[in-house]
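# Chain and residue survey
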Amino acid sequence: MAEADAAIVDNNWADRLLSSVDRLDPVVALLALVHLTGDRSLLSKYGPAFDGVPRAGGSSFSAKAQQAQKAPDAAAVAAIRARLIAEMESNPVPVLENPGPALFKQMAEFALDRQLTEDALGMGREAAGFAVGVGGIESTKVPPADFEVLIIGAGMMGIIAAVRLKAAGFNIRVIERNTGVGGTWFNNTYPNVAVDTPSVEYSISFAQNSSWSKYYPRGGEYREYLDGVARKYRIFDQIDFETEFTGCRWDADALQWVVSTMQGGEEVTYRARAVVMALGFLTRPSFPEVEGLDRFKGPVQHGGYWDDSVDLTGKNIVVVGTGASSAQISTGLADRASHVTVLQRQPNYMMPDPRVMQNVDPDELWALENIPFVTQWQRLQWFSSMMTRTATPAQIDPEYRARTGGVSEMNEGARRLSIGYLEQKFAERPDLMEKVRPDFPFFSKRPILDCGYYDTLLRDDVDLVTGELNSCEESAIVLSDGRRIECDALVLATGYSLEYFAEFDIKGRDDVALQDLWNPVPYAYKGMEVPGFPNFFITAGPNSGLASSHTVLAEQQVHYVTECLKHMVEDDLATIEVTEQACADFNEMLQERLENTIWMQSGSAHGYYRHQTGKIVLAFPGPNVEYWKMLRRPEIADYAVEPLKAG
Ligand SMILES: Cc1cc2nc3c(=O)[nH]c(=O)nc-3n(C[C@H](O)[C@H](O)[C@H](O)COP(=O)(O)OP(=O)(O)OC[C@H]3O[C@@H](n4cnc5c(N)ncnc54)[C@H](O)[C@@H]3O)c2cc1C
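Model, not experiment: these values are computed from the prediction.

Calculation rules
Residues numbered from 1 in each chain as written. Predicted model: local features only at pLDDT ≥ 70, side-chain atom pairs only at ≥ 80, totals over all residues. Helix = DSSP H or I, 4+ residues; strand = E, 2+ residues; numbered from the N terminus. Contact = placed C-beta atoms within 7 Å. Domains from an automatic or database assignment. Core = buried A, V, L, I, M, F, W, Y, C linked by C-beta atoms within 7 Å. Buried ≥ 20, exposed ≤ 12 C-beta atoms within 10 Å, placed from the backbone. Near = placed C-beta within 6 Å. Pairing = 2+ DSSP bridges. Axes fitted to C-alpha atoms, helices over the stretch in contact; angles between N-to-C directions. Parallel < 35°, antiparallel > 145°, perpendicular 65-115°, else oblique. Left-handed = near helix turned anticlockwise from the far one by under 90°. pLDDT = per-residue confidence, 0-100. Right-handed = clockwise from strand over helix to strand, strands pointing away. Nonpolar A, V, L, I, M, F, W, Y, C, P; charged D, E, K, R; others polar. Expected span 1.5 Å × (residues − 1).

## Details of the overall build of the chain
- Counting secondary structure elements, the chain contains 21 helices and 21 strands.
- Dimensions of the chain, computed from the C-alpha atoms along their principal axes, are close to 75 × 70 × 65 Å.
- Sequence-distant contacts in the chain: of pairs separated by 6 or more residues, those separated by 24 or more amount to 72%.

## What about the domain arrangement of the chain?
- Considered domain by domain, the chain is made up of domain 1 (10–131 + 364–387), domain 2 (148–284 + 498–640) and domain 3 (287–349 + 400–494).
- Each of domain 1 and domain 3 has a C-alpha centre, and these two points are 41 Å apart.

## Focus on the nonpolar core
- One finds I159, V275, V276 and V319 to be the most contacted residues of the largest nonpolar core, which totals 176 residues.
- Per element, the largest residue contribution to this core is ten residues, and it comes from helix α19 (residues 550–570).
- Not counting residues up to four positions away in its chain, the partners in contact with V275 are L150, I152, C248, W257, V259, N535, F536 and F537.

## Comments concerning the site of the ligand
- Neighbouring the ligand are 30 residues, the closest being G153, G155, G183, G280 and H550.
- Counting residues per element, the ones that place at least two in the shell around the ligand are α8 (156–167) and β4 (243–251).
- Considering every element that reaches the shell around the ligand, the biggest residue donor is α8, with three residues.

## Remarks on the sheet that holds strand β9 (residues 316–320)
- Strand order across the open sheet formed by five strands is β8-β17-β9-β10-β13, with parallel pairing between neighbours. In the strand order of this sheet, the two ends are held by β8 (300–302) and β13 (462–466), each with one partner. The sheet shows a mean angle of 20° between the axes of neighbouring strands, taken without regard to direction.
- Pairing analysis gives three bridges linking β8 to strand β17 (residues 489–492), with the strands arranged parallel. Bridge pairing in β17 links V300 to L490.

## A short note on helix α11 (residues 324–334)
- Judged by how many residues are buried, α11 sits mostly within the fold: ten of eleven residues are covered.
- Turning to α11, its buried residues are A324, S325, S326, A327, Q328, I329, S330, T331, L333 and A334.
- Buried residues along α11 sit in contact with β9, β10 (339–344), β12 (448–449), α17 (453–457), β13 and β17.

## A short note on the packing of helix α2 (residues 26–37) against helix α5 (residues 74–90)
- Packing of α2 against α5 leaves a shortest axis separation of 9 Å and a crossing angle of 40°. Taken together, the axes of α2 and α5 lie oblique to each other. The chirality of how α2 crosses α5 is left-handed. Residues P26, A29, L30, A32, L33, L36 and T37 of α2 lie in contact with α5, whose contacting residues are V77, I80, R81, R83, L84 and E87.

## Focus on the sheet that holds strand β7 (residues 274–277)
- On the basis of which strands lie adjacent, the open sheet formed by five strands has the order β3-β2-β1-β7-β19 and parallel pairing. Each end of this open sheet is capped by a strand with a single partner; those strands are β3 (239–240) and β19 (536–538).
- Of the pairings in the sheet, the one linking strand β1 (residues 148–152) to strand β2 (residues 171–175) comprises five bridges and is parallel in character. Considered in β2, the bridge of I151 is made with V174.

## Focus on unusual backbone geometry
- In this structure, the amide linkage connecting N519 to the following residue, P520, adopts the cis form with an omega of 15°.
- Tracing the backbone shows P520 in the loop between α18 (514–517) and β19.
- Of note, R234 is a non-glycine position whose phi angle comes to about 50°, a positive value.
- By the C-beta count within 10 Å, which is 11 here, R234 ends up exposed.
- The backbone phi angle of F443 is positive, close to 80°, even though this residue is not glycine.
- Residue position: F443 is located in the loop between α16 (430–436) and β12.
- The class for F443 is buried, based on 26 C-beta atoms found within 10 Å.

## Structural notes on the confidence of the model for the chain
- For the chain, mean pLDDT is 93; residues scoring 70 or higher make up 96% of the total.
- A low-confidence stretch, residues 59–66 stays under pLDDT 50, and its non-local contacts, those more than four residues away or across chains, total 19 contacts.

## So, the environment of L43
- As for its placement among the helices and strands, L43 is situated in helix α3 (residues 41–46).
- Not counting chain neighbours up to four residues away, the residues in contact with L43 comprise V34, Q106, M107 and F110.

## Details of the environment of Y627
- Considering the arrangement of structural elements, one finds Y627 in helix α21 (residues 624–630).
- As a C-alpha pair, Y627 and L17 span 610 residues in sequence and 40 Å in three-dimensional space.
- Those residues in contact with Y627, other than ones at most four positions away along the chain, are L546, Q556, F620 and G622.

## Looking at the environment of P299
- With respect to the helices and strands, the residue P299 is situated in the loop between β7 and β8.
- Since 15 C-beta atoms lie within 10 Å of it, P299 is described here as partly exposed.
- With 13 residues separating them in the primary sequence, P299 and L312 have C-alpha atoms 8.4 Å apart.
- Residues contacting P299, with those up to four places away along its chain left out, are V310 and A489.

## A few points about the pairing of β2
- Taking the sense of rotation as the criterion, the β-α-β connection linking β1, α8 and β2 turns out right-handed.
- In the sheet, β2 pairs with β3 via two bridges, with the strands oriented parallel. Directly across from I175, in β3, lies its bridge partner D240.

## Description of the packing of helix α6 (residues 101–112) against helix α7 (residues 118–128)
- The geometry of α6 relative to α7 is characterised by a closest axis approach of 10 Å and an angle of 90° between their N-to-C directions. Classified by the angle between their axes, α6 and α7 sit roughly perpendicular to one another. Residues P101, F104, K105 and A108 of α6 touch α7, and the partners they reach there are L121, G124 and R125.
- In terms of residue class, the contact of α6 with α7 is made up of four nonpolar, one polar and two charged.

## A word on α6
- Between its first and last C-alpha atoms α6 spans 16 Å; for twelve residues at 1.5 Å apiece the expected length is 16 Å, and the two agree.
- Among all positions of α6, only F104, M107, A108, F110, A111 and L112 are buried.
- Looking at the buried positions of α6, the neighbouring elements they touch are α2, α3, α7 and α13 (374–388).
- D113 sits one or two residues past α6 and shows a positive phi near 55°.

## Structural notes on the pairing of β10
- Most of β10 is tucked away, with five of its six residues classed as buried.
- Here β9 runs beside β10; their pairing, made up of five bridges, is parallel. Considered in β10, the bridge of I317 is made with V340.
- Each parallel crossover has a hand, and the one from β9 via α11 to β10 is right-handed.
- Looking at chain direction, β10 and β13 are connected through five bridges and run parallel. Residue T341 lies in a different strand from β13, and its bridge partner there is D463.

Okay, here's the thing in C-alpha cells:
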C-alpha cells in the first residue's frame, strides 16, 4: 500500500475510534478497558460512578441505555473513554482474554447491575462466550474410535451438534437431504425472509459474529453465517448431502441404530451407536384444504416452498395468513405487486423495534468489530433476562390474576407495548385498528416482530380482509362466507405443521414404533428422550420450546446430548435409556405447570402451541435458566444402562 493510502486508513481508524468510543455504553467501555489492560482495579475505581444507573438490556446503543434515568458520573465516564481511546491507540491487544469464574462474576454483576445466582453466572459465562459446557462431566477417557454418532439434519441444531460432538472426540457423521447446510435458512427464500430475533441472541455463543450488517439479519445473511460456522469447524467433510432419512430401528444384538436413507433413488443404510435427530420442527409446510386449488390459473406459492423463478411483479396477489412469514412476505411483495390483499383468519400481537429494518450503526459496528470484548459483554447484557427471570410471560401469576383478571405484570407490560403501538400506528384508520386488534391473551400465540407489516397494511394498494379461504376459481378465491376476491397470484403463508416425525418409521426396542407411543400425543423426557429408544436423542422435541431464540435451545440441548454420551464413555456403557418412571414423572410435572399458563387458557387464540388433544406439546413452561440447569448433565437415577460387552 502507498504511504499516502496508509495515512488515510489510519486517520479513518482514529476518527472511527473517537466516534465509536464516544457513543459506546460506558459500562461496556469500562469492561473492555479491563480486558485491554488486565487491570481489574478499574472496576472498583469507576464502578461506584454507575451506582443506580440502569443498564442496557440489549445493545450497548439501545434506546433504553440512552434514556437512562440516572446518568453515571460524567467525569468518570470521560476518564473511561479517554483511557479506552489511549489504550486502543497504543496497543489494542487485550491482556485479559478470559476472566475466570470469580472475575467474571464481578464483571457480570457490574454489567447487569444485579447479583447473579450460580446458575445465572454459569449460563452467563456460556452466553458471553467465555465458557462452553459449564457444569458438564470432566472427561477422563477419550471416546473409542468406533463410537459413531449419526446426526440427522444440518440446520443450526445439526451444525452445533456436529461441532460440539466432534470437539468431544466422537466419530460423527451428518446426513442432510438438502444440497447445503442451514435448514430453515436454506429452505426459506420467500421475499423479505429475515430472522425475527435480534442477531445478538440468534447466534451461537462459541461462534459469535461481530459483523452482522443488520440488527435482524436477512435469511441469506443468516444462511451464510451458518455456512461459515460449518466451514470454520470443518464439518463439511462429515456431511452426506442429498441423503434423505426415512426411518431407523434399534438392533438390540449389535447395540446400534440401523438408519435407512435414500440417496439418489438408492436405499443406503447407516449404523451408529447413537442418533441425534436434528430434523427441525418447522420443516413441513402446511397446505390448507382448498377446493378447486388446481383450477386457479395463476401462480400459487407457499412460504416454505418458494419458487424464486416465478415473477410476481405487477400481479394482483392474495396472501393467505397473517403469521410471521406472512408479515414478511406481504411487506416484501407490496412494492412489486400491483395490489396485495392479505387474508386474515386471526390477527397477531405485533412487537415494535425501531431497529428492525436498520443496518447496524457504523459506530456500533466498528466498536463491535474492533474494541475487544464489546461483542461479548453486549451479548451478556442481552441475555440478562434469560439468565435471571424466574417466570415466563406465558405463566399466569395467580395473585395478579385475582387482582386484575390479567396474566402477570410481565405479560401485561408486553401486551401494553404491543397494543399502544397498534393504536399509534392506526390512529387515522380505526377500521384497520379494529381488524388487527387481537382478542386473546398476550403470548397465547407467539408475538410477531413488526417488519414493516403495519405500514404495508396502511398502503392504498394493500387491503386487509378478514375471512377464511374456502375455494378457488380460475382467477379468484372464494371465502367461506361466499365473498369472491379477484386475483392473479396466490401466496399461501399458512405456516408449517407440527407433527413430530409423523412421516418416519422409527422403531425402538422390541420393534415398538415411536408414532404408536406418540399416539395421541407426543411426549419426551426433558423434551429429548423416550423410554425404549436407547442412545436416541431428539432435538427441538415435545415441550422443549423456550421463550427465547432457537439458538439458545440448540446449544442447551446439544450440551445435554454431549454429556449423555460422555457419561457412556466414562462408565463404559453400551446404552443409556431414560426409564418409564422418570419420563412419566417429568411429564406429570410439565402438565401440572402448563395448566397454569396462558397456552392452556388461551381463549380464542389459534396457533401451534396447542395439540389437537388440547395438550401443549411445543413449549416448556419454565424460564430459560431452569431448562439450562436441567440439562447440565444426566441424572443417573433417571436412566437404565447396559455395560459394553467384554471384548
Ligand atoms: C421462516 C422461519 C423463520 C424463523 N425465524 C426464527 C427466528 O427468528 N428465531 C427463532 O428462534 N426461530 C426461528 N424459526 C424457527 C427455526 O426453525 C429455528 O430457529 C431453526 O432454524 C431451526 O433449526 P434446526 O436445526 O432445529 O431445524 P432446521 O433449520 O429446520 O433444520 C433441519 C434440517 O434437517 C433436514 N431434514 C429434515 N428432514 C430430513 C430428512 N428426512 N432427511 C434428511 N434431512 C432432513 C432439513 O433439510 C434441515 O436442513 C423460524 C422458522 C421459520 C420456518
